[in-house]
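# What the coordinates show
Letter by letter, the chains look like this.
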Amino acid sequence: MIGRIVKDAGIAALITFALAGPIVGLPILSGPQGNFVLGSRFGDVAIAVAVVFVGRAAYLALREALPRRRIAIPLGWSAAAAPLGRWFAPALIAFAVLLPLLPFADRRVLDVAILVVTYVMLGWGLNVVVGLAGLLDLGYVAFYAVGAYSYALLAISFGLSFWECLPLAGLFAAFFGIALGFPVLRLRGDYLAIVTLGFGEMVRIILVNWTSLTGGPNGITGVPRPSFFGIPFSANPPEGTTSFHQLFGLEFSSLHRIVFLYYLVLALALVTNAVTLRIRKLPLGRAWEALREDEIACRALGVNPTATKLSAFAIGAMFGGFAGSLFATRQGFISPESFTFIESAIILAIVVLGGMGSQVGVALAAILLIGVPEWFRDLDQYRMLAFGAAMVAIMVWRPAGLLSRRAPTIRLKGG
Amino acid sequence: MEYFVQQLVNGLTLGAIYGLIAIGYTMVYGIIGMINFAHGEIYMIAAFVALIGFLLLSPVGAGAVALALILVLLGAMAITAVYGWALERIAYRPLRTAPRLAALISAIGMSILLQNYVQLAQGARVKALAPQIHGGFTLFGSGGFAVHVSYLQVVIILLTFALMIGFTLVITRTSFGRAQRACEQDRIMAALVGIDVDRTISMTFVVGAAIAAVAGLAVTLYYGVIDFFIGFLAGVKAFTAAVLGGIGSLPGAMLGGLLIGLIEAFWSGYASVEYKDVATFSILIMVLIFRPTGLLGRPEVEKV
């Protein structure tokens, strides 16, 4: 037995050596005359090989030593989560609403919270397309970008206020959703994935190159900050206007705007959630879910696949557009760099990790994937490395997502 | 006319590289029905290993370019093959029976992981390699414009051509090829007649990665500059090529790769460089609208 373990661990160590040897052990460094020379870092390779050898051996030894018993976490979790679910979602919402009032809610906490809730909203929006209608969309970031740029351009060029821009941005994004939807109606599965990915990249490339409209790679600066229904949050408002803190007789604090923005994002996210949950109960939502399960059976039953798919794309895109507007007004600056494929991948990961179609699962996954790494910003270099590793690990551990139990839309009475 | 032929040569070189990467996508898709999203990163790692190989060999044998080329090629193929194997073992094998989206997310996670791993280990700055194969010849020319073909382009196209012949022989004549095709048709049935399915799938990743290594070496030689991010766009385009040719079809992958390379070269030459990727994706969408199974793909018969 010992011999087998040593042999197995030795093979793992050899493979690690092959993997890490050239890439880690021989870094390409800039030489003195601008050429490139090789350095050496075999200490790190030796550490990696040793860690893998010991780790693999310990794992195998533990597996042999412990009695073979299936640990029932995967099954037990979902069953235990069912009664939890009844109060968990309201508790989560209550916590989100009370967050700015809590003592530890400083600027940094609120910034992270706004980011997390924005991603929750994006996740819920994409969930309509992927989770409910079963259309794999790898280019969701395109709608996010359309929303952000529509808001920025409308607000700067026409001086429209946030509340006028928001529905327009959603509308534009929905139009883009339909524009994408039309050509891909006949596609499914991976063909759909690659075309949506291409669409997302096309939008980004156009944003980079259409310099006269979008400012190209430099992006758009000076996007107007949100106002409290027309009342600015500035410390010294221009002559003849009242500022937010003057109106309510408060001490000026830059936190007011952040808190307002947080509630704005939260409210819109909850609207997204409410709309999605309602639509699921409408014939349209049932048609989405039926289409996801079996397109041919749907056609046979008289469901119009064209209208059903397009509506899913349009509504999902609209929520993406709303989130984009919020992003633009929060940042005050947008550039194509914020809308790369990696964003689409992160949003899709949130939906799939959350357990497709589960609204609470999406919220949890967003906290896990966005909030936790944001906490470790100091370890910036390793952040994305750990992010990728976490995506793989969670999928291997729970392939159906964190909360894979989805409440059925309709239940038969009696029986 | 001269300009046209010049773009044709450039496009064929580029297309050969895309085609080599596309083979890895199409083989994996054929056998386990998933997009191996991290395949582009395998190609990027191959490019780094090739550059490291050239830097290692440069003080030793500066004169023998051909020997260095063969050594680096074999080294890069071996190292990337191990990467391909490890990728499948860690990220895909546990998800063999899981929903398809789970495997896709795992693949995207692996892609992010590998990109950042190389960035951490090798730094984010662009790396460059001095040209290794010099010279070329003039095909024909008139009116001040000569069609120039570099020896490097000849080497890349010939290498790709030789690899394609060898690879086709492997798939059609060897027992691994038979097992590979059998698993592609029906994995359970293949297991019942005694084929080691796990091993065959592992070998598919190994072979796909080794072929991508050739593309990585070619790009290191051809452009001379690489960074940790080259895998993404090349991967997306190669996957586009695989879909264009009909995913699951090996000649389709090569044809798709050549077409994508040609489209890119002609679009850059005659229209605009900035929008070459938009042109590529637009043509992909057009093809999929009118021929959803790709150029050489078999239509999938769907049963209820």
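Residues numbered from 1 in each chain as written. Chains lettered and ligands numbered in written order. Predicted model: local features only at pLDDT ≥ 70, side-chain atom pairs only at ≥ 80, totals over all residues.

A word on the environment of Ala234(B). All names here are of chain B. Mapping alanine 234 onto the fold places it in helix H9 (residues 230-245). Taking the C-alpha atoms as reference, alanine 234 lies 11 Å from isoleucine 42; in sequence the two are 192 residues apart. Leaving out residues up to four positions away in the same chain, alanine 234 has contacts with Ile21, Gly40 and Tyr43. (Helix = DSSP H or I, 4+ residues; strand = E, 2+ residues; numbered from the N terminus. Contact = placed C-beta atoms within 7 Å.)

In this section: the interface of chain A and chain B. Taken together, the contact between chain A and chain B spans 48 residues of the former and 51 residues of the latter. Residue contributions to the side of chain A that touches chain B peak at 12 residues, all from helix H7 (residues 189-209) of chain A. Its residues assigned to classes, the side of chain A that touches chain B comprises 41 nonpolar, 4 polar and 3 charged. (Nonpolar A, V, L, I, M, F, W, Y, C, P; charged D, E, K, R; others polar.)

Let us now look at the nonpolar core. Counting residues in each nonpolar core, the largest one holds 213 residues, and the members touching the most others are Ala349(A), Ile350(A) and Ala46(B). Among the elements that line this core, the one with the most residues is helix H8 (residues 197-223) of chain B, at 16 residues. Taken together, domain 1 (2-65) and domain 2 (79-397) of chain A each give at least three residues to this core, which thus spans both. Not counting chain neighbours up to four residues away, the residues in contact with Ala46(B) comprise Ala76(B), Thr80(B), Ala212(B), Ala213(B), Gly216(B) and Leu217(B). (Core = buried A, V, L, I, M, F, W, Y, C linked by C-beta atoms within 7 Å. Buried ≥ 20, exposed ≤ 12 C-beta atoms within 10 Å, placed from the backbone. Domains from an automatic or database assignment.)

Our next topic: helix H5 (residues 151-173) of chain B. Residues and elements named next belong to chain B. Look at H5: 32 Å from first C-alpha to last across 23 residues, which is about the 33 Å you get at 1.5 Å a residue. The complete set of buried residues in H5 reads Gln153, Ile156 and Thr160. Buried residues belonging to H5 abut helix H1 (2-32), strand E3 (145-150) and H8. (Expected span 1.5 Å × (residues − 1).)

Further remarks concern the confidence of the model for chain B. Across chain B, the average pLDDT comes to 84, with 95% of residues at or above 70. Interface confidence for the predicted complex, given as ipTM, is 0.83, next to a pTM of 0.84. (pLDDT = per-residue confidence, 0-100.)

On to helix H5 (residues 141-157) of chain A. Compared with an ideal rise of 1.5 Å per residue, which puts 17 residues at 24 Å, H5(A) spans 24 Å between its outermost C-alpha atoms and is within 8% of the ideal. Taken from the residues just after H5(A), Gly159(A) is the one with a positive phi, measuring 65°.

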